Amino acid sequence: MSAAECWVGIDVAKATLDIAVRPDGDAWPVANDQAGLAALVARLRRSAPVLIVLEATGGLERALVAELVAARLPVAVMTPRQVRDFARAANILAKTDRLDAQGLARFGEVLQPEPRALADAELGDQQALVARRRQLVGMLGAERNRLGLARARVRPSITAVIELLQRQLEALDREIDRFLKSSPIWRARDALLRSAKGVGPGLASTLIADLPELGQLARQDISALVGVAPFQRDSGQFRGQRCIWGGRAKVRAALYLATLVATRFNPASRTMYRRLLAAGKPKKVALVACMRKLLTSLNAMVRNGTPWRDAPEPLS
């Protein structure tokens, strides 16, 4: 590898890592094990790349990212959608592990995203707990739907599964609560977020685990990141309907449920929701607007360290 300025793309699979470098054109595979990671990190440290880009692959990338961050190498973990959209725009239609690595390196060279450090081990554990809670809620909903259509002979079986899932969910909620209380920083953030009426343990833990950028971005950026910012659809004289798109679906789902509660029990959210309905806005449009305003207010609260009653930008 050249000592000149370069960008590295790494395609992560369970058994192997495919590496590509731009603009050099170097490419090679290594085993996705401890020996392979050590050799790769040593080689990358000698080349000092501007940025190393890889795609989030459901957890397979964690060991690699941990090693890269520990070696103080600049790494950016991109979402699959970002990488896929870039490949389509660049007319990269074929797909192999080697081509994916080359596409990631080109992504870094052209777009030059900001390096994003790996979440620490504790945050990884918190994310796993929140993800498991989401799975249990999904399974519980599915079993309850089955119960409504089930015949009498299978109802006891479904009821037993529902009761088991409820116990698991309660136990997991207690574990998440203990985990948050074990960290002074997270305990303070949890208390800060839950000072807003409508924000319960579900949304607070989701924001802490899945939206670490909260309090660090401008309100427009945090809205776009979550996927509650309306985007224009205009061309020439045509003026299309504004709509939300993309973003972090898991955070948006938790925010949606919290906003439903907030429009009933949070005076500021309730006032805003009713005002929009009175102005003729559809209910879903009004609700999304309240989601966006609640999110930006929570963002300001975390940034300034002020509880809801002292929030710098009340809903209006």
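Just above sits the structure.
Rules used in this analysis
Residues numbered from 1 in each chain as written. Predicted model: local features only at pLDDT ≥ 70, side-chain atom pairs only at ≥ 80, totals over all residues. Heavy atoms only, no water. Helix = DSSP H or I, 4+ residues; strand = E, 2+ residues; numbered from the N terminus. Buried < 20%, exposed > 50% of the residue type's maximum accessible area, 1.4 Å probe, protein only. Contact = heavy atoms within 4.5 Å. Pairing = 2+ DSSP bridges. Axes fitted to C-alpha atoms, helices over the stretch in contact; angles between N-to-C directions. Salt bridge = Lys/Arg side-chain N within 4 Å of Asp/Glu carboxyl O. Parallel < 35°, antiparallel > 145°, perpendicular 65-115°, else oblique. Nonpolar A, V, L, I, M, F, W, Y, C, P; charged D, E, K, R; others polar. Patch = residues over 30% accessible without salt bridge, like charges linked within 9 Å, V, L, I, M, F, W, Y side chains within 5 Å. Areas by Shrake-Rupley, 256 points an atom, 1.4 Å probe, with all protein chains shown as cover. Right-handed = clockwise from strand over helix to strand, strands pointing away. Core = buried A, V, L, I, M, F, W, Y, C linked by side-chain atoms within 4.5 Å. Phe/Tyr/Trp six-rings, centres within 6.5 Å; stacked < 30°, edge-to-face > 60°. Lys NZ or Arg CZ within 6 Å of the ring centre and 35° of its normal.

(A) Representation of the overall build of the protein within the structure. Regarding its fold elements, the protein presents 12 helices and 7 strands. Once the C-alpha set of the protein is aligned to its principal axes, its extents read approximately 60 × 60 × 45 Å. The burial tally for the protein puts 39% of its 316 residues in the buried class. Across the protein, contacts joining residues at least 24 apart in sequence account for 57% of those joining residues at least 6 apart.

(B) Geometry of the sheet that holds strand β5 (residues 75–78). Spatially, β3-β2-β1-β4-β5 is the arrangement adopted by the 5 strands of the open sheet, whose pairing is mixed. Unpaired on one side and paired on the other, β3 (27–31) and β5 mark the two borders of the sheet. Strand-to-strand twist across the sheet, computed as the mean angle between neighbouring axes with direction ignored, equals 25°. With 5 bridges connecting them, strand β2 (residues 16–22) and β3 associate as antiparallel partners.

(C) Layout of the pattern of salt bridges. Under the criterion given, the structure shown has 9 salt bridges. As a salt-bridge pair, Arg133 and Asp173 come within 2.6 Å of each other at their nearest N and O atoms. With a gap of 40 residues between them, Arg133 in helix α5 (residues 121–149) and Asp173 in helix α6 (residues 155–181) connect regions that are remote in the sequence. For Asp173, a relative accessible area of 30% corresponds to the partly exposed category.

(D) Representation of the packing of helix α3 (residues 80–89) against helix α4 (residues 97–111) in the model. Put simply, α3 and α4 touch, their axes get as near as 10 Å, and they point 85° apart. Comparing the axis directions of α3 and α4 gives the class roughly perpendicular. Across from Gln82, Val83 and Phe86 in α3, the residues of α4 making contact are Gly103, Leu104, Arg106, Phe107, Val110 and Leu111. Broken down by class, the residue content of the contact of α3 with α4 amounts to 6 nonpolar, 2 polar and 1 charged.

(E) Spotlight on the environment of Val12. Mapped onto the secondary structure, Val12 falls in strand β1 (residues 7–12). Using a relative accessible area of 9% as the deciding quantity, one classes Val12 as buried. If we ignore the near neighbours within four places in the chain, the residues touching Val12 are Leu17, Asn32, Thr57, Leu60, Glu61 and Leu64.

(F) Focus on a nonpolar patch on the surface. Among the surface-exposed residues, Tyr256, Leu257, Leu260, Val261 and Phe265 lie close enough to one another that they form a single nonpolar patch of about 440 Å² accessible area. We classify Tyr256 as partly exposed; its relative accessible area is 34%.

(G) Representation of the pairing of β5 in the model. Burial along β5 is two-sided: the face carrying Val75 and Val77 and the face carrying Ala76 and Met78 are both buried. Following the backbone out of strand β4 (residues 51–55), through helix α2 (residues 62–70) and into the adjacent parallel β5, one traces a crossover that is right-handed.

(H) How the structure looks around the nonpolar core. Ranked by internal contacts, the top residues of the largest apolar core, which has 39 residues, are Leu193 and Leu298. Secondary-structure elements contributing two or more residues to this core are α5, α6, α7 (184–193), α8 (201–210), α9 (219–226), α10 (249–265) and α12 (283–304). Top element by residues in this core is α6. It accounts for 8 residues. Ile10, Val21, Leu54 and Leu68 belong to the second largest nonpolar core, which has 22 residues in total.

(I) Quick look at the pairing of β3. Here β3 shows one buried face, formed by Trp28 and Val30, and one open face, formed by Ala27, Pro29 and Ala31. Connecting the antiparallel pair β2 and β3 is a turn made up of 4 residues, with Gly25 showing a positive phi of about 90°.

(J) Layout of the packing of aromatic side chains. On inspection of all chains with the given rule, the structure shows 1 aromatic pair. Between Phe86 and Phe107 the ring centres are 5.2 Å apart and the planes differ by 75°, which places this aromatic pair in the edge-to-face class. Highlighted residues: Phe86 in helix α3 and Phe107 in helix α4, separated in sequence by 21 residues. The pair formed by Phe86 and Phe107 is uniform in burial state, with each residue classed as buried. Its end group placed over the ring of Trp28, Arg43 keeps NZ or CZ at 3.7 Å from the ring centre.

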